[in-house]
Amino acid sequence: MDDDKPITEQAIETITTAVETTKDAAVTAVKKVRKAAKKVAKKVAPKKAKKASKKKAKKAAKKSSKKAAKKTAKKAVKKSAKKAAKKKKAKKSKR
């Protein structure tokens, strides 16, 4: 983050970055969960149970992706805030 930019711009950039990171993490999590669910469904379940397991897998994928999204968003915001604080301290100490 630049100290020359206004705080609102910095915040918007941080949020945008967090959203992008979150999106990527969510997509990856969903893919992994679906793949694992398919493997389990093939090995264990007969046809009727397969439909139910697919629904459960979708719900689990949604939940896990939401959790992952929240975590990554929180981490990104915290990291960027820390970086901004460090830059301000460094700039003040140079004076």
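Residues numbered from 1 in each chain as written. Predicted model: local features only at pLDDT ≥ 70, side-chain atom pairs only at ≥ 80, totals over all residues. Heavy atoms only, no water.

Caption draft 1: Looking closely at the environment of Lys32. Its location among the elements puts Lys32 in helix 1 (residues 7-44). Residue class for Lys32 comes out exposed when judged on its relative accessible area of 60%. (Helix = DSSP H or I, 4+ residues; strand = E, 2+ residues; numbered from the N terminus. Buried < 20%, exposed > 50% of the residue type's maximum accessible area, 1.4 Å probe, protein only.)

Caption draft 2: Structural view of the side chain of Thr22. Following the sequence through the fold, Thr22 ends up in helix 1. Using a relative accessible area of 11% as the deciding quantity, one classes Thr22 as buried. Residues within four places of Thr22 in sequence aside, it is in contact with Ala69, Thr72 and Ala73. (Contact = heavy atoms within 4.5 Å.)

Caption draft 3: Expanded view of the environment of Glu13. Locating Glu13 in the fold gives a position in helix 1. With a relative accessible area of 34%, Glu13 lands in the partly exposed category.

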